[in-house]
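Examining the three-dimensional arrangement
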Amino acid sequence: MTPLLQASDITRSYGDLPVLKGINLQIQSGEIVSIVGASGAGKSTLLHILGTLDRPDAGQVTLGGENVFNLNEKDLARFRNDRIGFVFQFHNLLAEFSALENVCLPGFIGGKNEQEVRARAEELLNILGLGDRKNHLPSQLSGGEQQRTAVARALVNSPAIVFADEPSGNLDSHNAEELHKLFFRLRDELNQTFVIVTHNDLLAHMADRQLTIRDGQIV
Ligand SMILES: Nc1ncnc2c1ncn2[C@@H]1O[C@H](COP(=O)(O)OP(=O)(O)OP(=O)(O)O)[C@@H](O)[C@H]1O
Ligand SMILES: [Mg+2]
């Protein structure tokens, strides 16, 4: 089966600090893959490259048949907005917009039909148990609700893949567990693919596959 994502011989240094020393990996559609490793091992660096937010020094990433780093900046930005979702440790919701408006934003940025984006955003907020919170500002939501709103925002354009960097790092254990269950529900119900960097052992082990980065390589 052709993998959804393929990374080949990815290297990345910061100045004279080599961080990634030849990363090769494949992700199949519908998989949940966790990435673990010590602090400073290069997990976020790798996730940013796989998510096209950063370019490697060498190596290739192919996502959905597209050799992403062959795209120019404008086409890459469009590809990223359409096909890739992100969830970070801190939700980064815009404070002056409601939950619903925050979820809609990537759809509006992509120039999609406003009614369709709104309907999709409402559907996602309902699935994530936030239907009755959609008109609240982020400051009026709990930490768990804020993070679930960020997940809805990541999904609004129906991306091929969602990258999450320590998505539950800022949540208590109950809210973390709820968020983790949600990832698996979204995979089971929508076949959503996730690549999740985590220090949470439970989540790392629940994943279909766990990749460990050590000394700049996957071991
Ligand atoms: N922009 C940057 N400039 C210089 N060095 C950087 C930069 N970003 C990261 N590094 C260094 O690269 C290494 C890998 O960083 P990275 O953030 O990928 O680690 P990580 O595995 O995500 O760690 P953590 O678990 O603490 O989040 C670290 O030594 C870090 O200090
Ligand atoms: Mg990190």
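We now turn to the structure provided with this report. Computed from a prediction, not measured in an experiment: that's the story for all the values here. In this convention, every chain numbers its residues from 1, walking through the sequence in written order. Chains and ligands are labelled by the order in which they are written, letters from A for the one and numbers from 1 for the other. pLDDT decides what is reported in this predicted model: residues at 70 or higher carry local features, side-chain atom pairs at 80 or more are listed and counted, and totals for whole chains, interfaces and linings draw on all residues regardless. As a convention, hydrogens and water are excluded, and side-chain values are obtained from all of the structure's heavy atoms.

**Thoughts on the overall build of the chain**
Only DSSP runs of H or I reaching four residues or more are called helices, and only runs of E reaching two or more are called strands; each is numbered from the N terminus. Looking only at helices and strands, one finds 7 helices and 10 strands in the chain. Each of the three principal axes of the chain carries a C-alpha extent, and together these read 50 × 40 × 35 Å. The buried label applies to any residue whose accessible area, calculated with a 1.4 Å probe on protein chains only, is under 20% of its type's maximum; exposed applies above 50%, and partly exposed to all values in between. Relative to its full complement of 219 residues, the chain shows a buried share of 51%. Contact between two residues is taken to exist if any of their heavy atoms lie within 4.5 Å; hydrogens are not considered. Contacts in the chain between residues far apart in sequence, at least 24 positions, make up 70% of those at least 6 positions apart. The accessible surface values rely on the Shrake-Rupley method and a 1.4 Å probe; as for residues, cover is taken only from the protein chains in view. Of the roughly 10,300 Å² of accessible surface on the chain, 47% is carried by carbon and sulfur atoms.

**Concerning the sheet that holds strand S4 (residues 58-63)**
We call two strands paired when DSSP finds no fewer than two bridges between them. In space, the 4 strands of this open sheet follow the order S2-S1-S4-S5, with antiparallel pairing throughout. The open sheet is flanked by strand S2 (17-27) and strand S5 (66-67), the only strands paired with a single partner. Where strand S1 (residues 5-14) meets S2, 8 bridges bridge the pair, whose relative direction is antiparallel. When the bridges of S2 are listed, Ile 10 appears paired with Ile 23. Across the sheet, helix H1 (residues 43-50) lies against S1, S2 and S4, angled at about 55° from S2, the strand it touches most. Note on definitions: angles span 0 to 180 degrees between N-to-C directions of axes, and those axes are lines fitted to C-alpha atoms, for helices only across the stretch in contact.

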